[in-house]
Amino acid sequence: MSGSIDRRRLFQLLGGSVIGGGAYAGLGYAARQERKAEENDCRGGKLWDLHHDLFGSGILLSPQKLGGGTHAVDLATNRTLAWISYWNYGDTCPISHHLAAYPSDDPRKGFEFINSTQGGENVLIYGIPTRIKEKGLLEGNGQGNHLYRVRYDGAQMTLVEDVAESTGIGLGVHTVIYPDAQGFAGADGQKDITAFFDRPRGTEKTKVQMAFRGDWKAKDTSSLERAWLGGGTLRFTRLVEPSETGKYELEGSKGNKINWEMAPMSELLVERGQIPGDSPSSLTGLDAVVHHPGNRWSAVILRMCSAALIVDRANWEPVACLHMPKGSPGNLPVKKVGSGPDAWEVTFDDVKNPAHEAGFSPDGKSFVMMNNLRQNNIPVFDTSDPDPRRWKKVTYVEDPDWTGQYPSPFHLCFSMDRTKMFLSVLAPKPRDSEVWVVDARTWKVIKKFRNVGPDCQTMAVSYDGKYVFQIFSGFQRLSCGLFVFTQDTLEPVGYFPNFGGHHDCVVVPTKVEHLLNSRCTTL
Ligand code: CU
Ligand code: CU
């Protein structure tokens, strides 16, 4: 079946079950008594067919954010395959934040994923009348920044490792698996830290391959307000593992520069001094990494600097710095300024606006990142050159709707046939957000799904090329769910129930190459 919904098939399926029920009701009482109990194998049958036709056959994994756990939903059967809740493991403030799944030949028999959590004061930014802080639940394990490695074994989910505990590096935001599935990167925008981790086998524990911190030094230090607008220097430092303990000391809230995260589009709150902490003035907003499909380059996302620092994973050195704002140079030089520990610097004449979610196209030829707040557009870089120092800003996705701060382009992903880019377009609470489609060859907006739901977050595509799944989290207390549309004909299909404040989603890949369209290349 192509992406379009075969309505006749749908009616056949629905009609089929009605006729079956009618025939049974027609039997007399005695006849019904004599009959052997009917049996239905509920794992298959009409409902299975119906849902399979409607929503595909993947396993959709989604973290519940303030719900405190993660669900895997079997899209073919409309059943929750399995779920996990992190408070059961002694986490007193488990904000199940972002996740990425490793490929599995048959996810129904088992798969593994990495799930970051926030904690601490991040629970207080939604206006919930809670006494959770007074009750002491934001201390200790409730500080968050866990990196849970979870395994589904074909029957249930089990927490197999807290990577933050085994390595000493706690990171609470985006988690992104390498294109070869041999490890992952995590990041945290409160600490300005990113770390790259291996993928352990069997009962081994995860190890840190490399870790870095970003720090901002403003040119104009007279006010926070001018600290980024007025330009400055990004310093990128390699973190050194304490050799005696073999463990970093960055668990929980250790290393936080600000007391809670910059929510989407909240970068200007830092300029206004409205997010307190130990060091807001040195904030780079390093909350994510995305990987180039070639598996060598990783882009370190720096929200406050409106930049993506390109790191070579072959020698763990940064090589180039892509700068997003319209009217600013697109590729800034990176200079090594120290060793033991290694440090590099990038100089910015100014930073016209913050930028956030980003990603590479699955063919590796393009990179995009969202210019937010002061500019409202998407710069497109040509990344086809083998040397990132020659990657160039070539055009911008722009739209008459994108004036002022909202609506604003947010998360992105690409269609399996690589012809389209999908965007969630955020509107402030309690308004519904949208999903837009951009032609990935001309970079023009070709479709807008209006009024999808409040707080549209990431999208996932089905790897058979049929569907796109848009999760919306309802700003943690409003309506939430999963909106589905077809990848090729761009028809709305409908909604799938999803409980909790879902903040991210991914279809579990069944092949390594699916990672190019998964939580690996895009956020
Ligand atoms: Cu997030
Ligand atoms: Cu983000």
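These lines cover the structure that appears in this document, whether it is placed above or below.

What counts as what
- Residues numbered from 1 in each chain as written.
- Chains lettered and ligands numbered in written order.
- Predicted model: local features only at pLDDT ≥ 70, side-chain atom pairs only at ≥ 80, totals over all residues.
- Heavy atoms only, no water.
- Donors = N, O, S within 2.8 Å, 3.2 Å for Na, K, Ca; no water.
- Buried < 20%, exposed > 50% of the residue type's maximum accessible area, 1.4 Å probe, protein only.
- Pairing = 2+ DSSP bridges.
- Helix = DSSP H or I, 4+ residues; strand = E, 2+ residues; numbered from the N terminus.
- 1 Å grid on protein atoms, 1.4 Å probe; cavity = no way out; pocket = protein on both sides within 12 Å on 5 of 7 lines; lining within 4 Å.
- Points joined across faces, edges and corners; volume = space filled by probe spheres on them.
- Nonpolar A, V, L, I, M, F, W, Y, C, P; charged D, E, K, R; others polar.
- Disulfide = S-S within 2.5 Å.
- Axes fitted to C-alpha atoms, helices over the stretch in contact; angles between N-to-C directions.

1. What to know about the coordination of the copper ion (ligand 1)
In step 1: For the copper ion (ligand 1), the full set of protein donor atoms is His-97 (NE2), His-98 (NE2) and His-503 (NE2), and the range of their distances to it is 2.1 to 2.5 Å.
In step 2: Positions of the donor residues of the copper ion (ligand 1) along the chain correspond to the pattern H-H-x404-H.
In step 3: The two metals, the copper ion (ligand 1) and the copper ion (ligand 2), are separated by 4.8 Å.
In step 4: The buried category is assigned to His-97, whose relative accessible area is 1%.

2. Describing the sheet that holds strand β16 (residues 317-323)
In step 1: If you walk across this open sheet you meet the five strands as β13-β14-β15-β16-β17, and the pairing is antiparallel. Strands with a single pairing partner mark the edges of an open sheet, and in this sheet they are β13 (286-291) and β17 (331-332).
In step 2: Where strand β14 (residues 297-302) meets strand β15 (residues 307-312), six bridges bridge the pair, whose relative direction is antiparallel. Looking across to β15, one finds that Ser-298 is bridged to Val-311.

3. Some remarks on the layout of surface pockets
In step 1: Reported here for the second largest pocket is a volume of approximately 430 Å³.
In step 2: Forming the walls of the second largest pocket are 23 residues, and the residues nearest its centre are Tyr-126, Ala-263, Pro-264, Ser-266 and Phe-475.
In step 3: Grouping the amino acids of the lining of the second largest pocket by side-chain chemistry returns 13 nonpolar, six polar and four charged.

4. Some thoughts on the coordination of the copper ion (ligand 2)
In step 1: Here the copper ion (ligand 2) is held by the protein donor atoms His-174 (NE2), His-356 (NE2) and Glu-357 (OE), which lie 2.1 to 2.6 Å from it.
In step 2: Spacing between the donor residues of the copper ion (ligand 2) along the chain follows H-x181-H-E.

5. A word on the state of the cysteines
Simply put, disulfide is the name for a covalent bond between the sulfur atoms of two cysteines.
In step 1: In the structure shown here, the tally under the stated rule is zero disulfides.
In step 2: The closest cysteine sulfur to the non-disulfide-bonded Cys-413 is located on Cys-505, 8.3 Å from its own sulfur.
In step 3: The exposure class assigned to Cys-413 is buried, which follows from its relative accessible area of 3%.
In step 4: The structure places no disulfide on Cys-520, whose sulfur is separated from the nearest cysteine sulfur, that of Cys-413, by 13 Å.
In step 5: Of the residues examined, Cys-520 reaches a relative accessible area of 0% and is grouped as buried.

6. Description of the pairing of strand β24 (residues 408-414)
In step 1: Among the seven residues in β24, seven count as buried, and that is most of the element.
In step 2: Pairing analysis gives five bridges linking β24 to strand β25 (residues 420-426), with the strands arranged antiparallel. Counterpart to Cys-413 in the pairing with β25 is Phe-422.
In step 3: Counted along the chain from β24 to the antiparallel partner β25, the turn is five residues long, and its residue Arg-418 has a positive phi close to 70°.

7. Brief notes about the sheet that holds strand β26 (residues 432-439)
By definition, the strands of a sheet pair up through backbone hydrogen bonds, in either a parallel or an antiparallel sense.
In step 1: Here we have four strands laid out as an open sheet, ordered β24-β25-β26-β27, and antiparallel in their pairing. Edge positions in the sheet fall to β24 and β27 (445-454), since each of these pairs with one other strand and no more. With direction set aside, neighbouring strand axes in the sheet form an average angle of 25°.

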